[in-house]
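Reading the structure
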Amino acid sequence: RKKNFCKKGEKKRMASPRLALLASAAALGVLVGYVLARRRQRQEAVEPVFRVLLVRHGESEGNVDLSVYQEKPDHKIRLTERGCAMARRAGEAIDHYLSDIYGSPDHRVGRVKMWVSPFQRTRETAQALLETCGHWVDSINESPLLVEQDWGIWEGTGIEEAAKRYPEEYQRNQAIVSHQGKFWARMPMGESCFDVVQRVTLLIASLARDRHHRRGHRSCKAPVNTVIIVSHGITIRAFIMAYCKLTPEWFDESQNPPNCSVRVIESTYNGWDKGYIFGGYDRRAAEVDVEGLNAYIRAHRDPSVAARIERQVTFSLVDDANSGHASD
């Protein structure tokens, strides 16, 4: 009897860890089910399309006469009368674009926010834009993160004049360009394109907070689903590189956008960069063909983006095939 009693006690001690293990497994199963259900709910929820419209400033005094840079600091150079007219025309293009999507400002999804570089020519461009598309814009912010690249001691001289005035600095800069590439070469006492990308990246955090409005102190506001950025050529290219996760090689091969051109970054588009909706104006103030600009973008697409899009398409095809098998 004593022997049988001991065996029963041993069986009870052996059963208790098994019960604990089964209970843990059951709890883990409930937790995993909850996590998968929440993930499914997030996937099924329709997130509004997020758009960034990138606008370069209109024709400036410096675009017409380079000697203006020797008379005025870069941030005080103004638009020409023709540049203001260009900006109003770009505003009309933005108005038509948003009207095709929403119909009217009363039916839009989320808020529209404009970010502006604090340079005089970008301020004046924003004012002219608002004359023709201001009924779409809810708020306007300035940010020094959007200013043009700082050329340091070469500011206002131009590359050719810099070679004459500062031969040693020029030779050193060209040696870095030939060895590392334009993207990495810093202007003497100024910025490199790498530096511009770094500071523009800081602005992207603000855009994300405005977009995901339920986080932090923005919980009481509607989300910002459309952003208009008025900035400069190199800065716009830096923003595209940072936001679309492009490479320095892409930056070196890309070109500055035309004056008052409007380029769209959109969350539903593969690679985000949807291209131009308005071609803007060239140095002779002639309107640029938007199809030609977009053809150039497609021809010079970053290989890393093409590979990423190919992977996304492959994954979607696999998902479609699996869902088809499941339905069969």
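Scroll up for the structure.
Examining the overall build of the protein chain
Each helix and strand in the protein chain was counted, giving 12 helices and six strands. Counting only residues that meet the buried cut, the protein chain has 40% of its 328 residues in that class. A separation threshold of at least 6 residues defines the contact pool for the protein chain, and within that pool the share at least 24 residues apart is 69%.

Focus: the environment of Pro-303
For Pro-303, the position within the fold is in helix α12 (residues 303–327). Among the residues examined, Pro-303 registers a relative accessible area of 63% and is labelled exposed. For the pair Pro-303 and Glu-249, spaced 54 residues apart in the sequence, the C-alpha separation amounts to 9.7 Å.

Here we look at the state of the cysteines
Disulfide: a covalent bond formed between the sulfur atoms of two cysteine residues. Counted according to the given criterion, the structure contains zero disulfides. Cys-84 provides the cysteine sulfur closest to Cys-260, a residue in no disulfide bond, and the two sulfurs are 9.0 Å apart.

Overview of the pairing of strand β3 (residues 139–142)
The sheet contact formed by strand β2 (residues 111–116) and β3 spans four bridges and is parallel. Bridged to Val-116 within β3 is Glu-142. In this region the chain leaves β2, passes through helix α5 (residues 120–133) and returns to the parallel neighbour β3; the handedness of that crossover is right-handed.

Regarding the sheet that holds β2
Strands sit in the order β3-β2-β4-β1-β5-β6 across an open sheet of six strands; the sheet is mixed. Each end of this open sheet is capped by a strand with a single partner; those strands are β3 and β6 (273–278). Within the sheet, the average angular offset between the axes of one strand and its neighbour, ignoring direction, is 20°. Judged from the six bridges that link them, β2 and strand β4 (residues 224–231) form a sheet pairing that is parallel. Residue pairing in the sheet places Trp-115 in a bridge with Ile-229 of β4. Helix-sheet contacts for helix α9 (residues 233–243) involve β1 (51–56), β4, β5 (262–266) and β6, and the interaxial angle to β1 is about 160°. Its contacts with the sheet place helix α11 (residues 290–299) against β5 and β6, and it is angled at close to 165° to β6.

Points about the side chain of Ser-143
Of note, Ser-143 is situated in the loop between β3 and α6 (158–165). In contact with Ser-143, not counting residues within four places along its chain, are Trp-115, Val-116, Ser-117, Pro-118 and Leu-203.

Examining a nonpolar patch on the surface
Taken together, the side chains of Leu-28, Leu-31, Val-32, Tyr-34 and Val-35 present a nonpolar region at the surface, about 480 Å² in accessible area. As for its placement among the helices and strands, Leu-28 is situated in helix α1 (residues 2–44).

Quick word on the packing of helix α4 (residues 81–102) against α5
Look at α4 against α5: their axes get within 7 Å of each other, and the N-to-C directions meet at 45°. Between α4 and α5, the crossing angle belongs to the class labelled oblique. Judged by the twist between their axes, the crossing of α4 over α5 is right-handed. When α4 is examined against α5, the residues Cys-84, Ala-87, Arg-88, Ala-90, Gly-91, Glu-92, Ile-94 and Asp-95 are found in contact with a partner set consisting of Thr-125, Ala-128, Leu-129, Glu-131, Thr-132 and Cys-133. Looking at side-chain class alone, the contact of α4 with α5 contains seven nonpolar, three polar and four charged residues.

Focus on the nonpolar core
In this structure, Ile-229 and Phe-239 are the most contacted members of the largest nonpolar core, which totals 28 residues. Breaking this core down by element, the ones donating at least two residues are β1, α8 (193–211), β4, α9 and α10 (248–253). Among the nonpolar cores identified, the runner-up in size contains 27 residues, and Met-86, Val-116, Tyr-281 and Ala-285 belong to it.

Thoughts on the packing of aromatic side chains
Tallied over the full model, the rule gives 10 aromatic pairs. Both rings, one in Tyr-102 and one in Trp-136, keep their centres 6.3 Å apart while their planes meet at 40°; by these two values the pair is tilted. Taken together, the residues span a long stretch of sequence, with Tyr-102 in helix α4 and Trp-136 in the loop between α5 and β3 at a distance of 34 residues. Using a relative accessible area of 14% as the deciding quantity, one classes Tyr-102 as buried. Note on Trp-136: relative accessible area 1%, which makes it buried. Plain terms: the ring middles of Trp-184 and Phe-194 are 5.4 Å apart, the flat faces sit at 35° to each other, and that makes the pair tilted. With Trp-184 in the loop between α7 (167–180) and α8 and Phe-194 in helix α8, the pair connects residues that are 10 residues apart, well separated along the chain.

Criteria and thresholds
Residues numbered from 1 in each chain as written. Predicted model: local features only at pLDDT ≥ 70, side-chain atom pairs only at ≥ 80, totals over all residues. Heavy atoms only, no water. Helix = DSSP H or I, 4+ residues; strand = E, 2+ residues; numbered from the N terminus. Buried < 20%, exposed > 50% of the residue type's maximum accessible area, 1.4 Å probe, protein only. Contact = heavy atoms within 4.5 Å. Disulfide = S-S within 2.5 Å. Pairing = 2+ DSSP bridges. Right-handed = clockwise from strand over helix to strand, strands pointing away. Axes fitted to C-alpha atoms, helices over the stretch in contact; angles between N-to-C directions. Patch = residues over 30% accessible without salt bridge, like charges linked within 9 Å, V, L, I, M, F, W, Y side chains within 5 Å. Areas by Shrake-Rupley, 256 points an atom, 1.4 Å probe, with all protein chains shown as cover. Salt bridge = Lys/Arg side-chain N within 4 Å of Asp/Glu carboxyl O. Parallel < 35°, antiparallel > 145°, perpendicular 65-115°, else oblique. Left-handed = near helix turned anticlockwise from the far one by under 90°. Nonpolar A, V, L, I, M, F, W, Y, C, P; charged D, E, K, R; others polar. Core = buried A, V, L, I, M, F, W, Y, C linked by side-chain atoms within 4.5 Å. Phe/Tyr/Trp six-rings, centres within 6.5 Å; stacked < 30°, edge-to-face > 60°.

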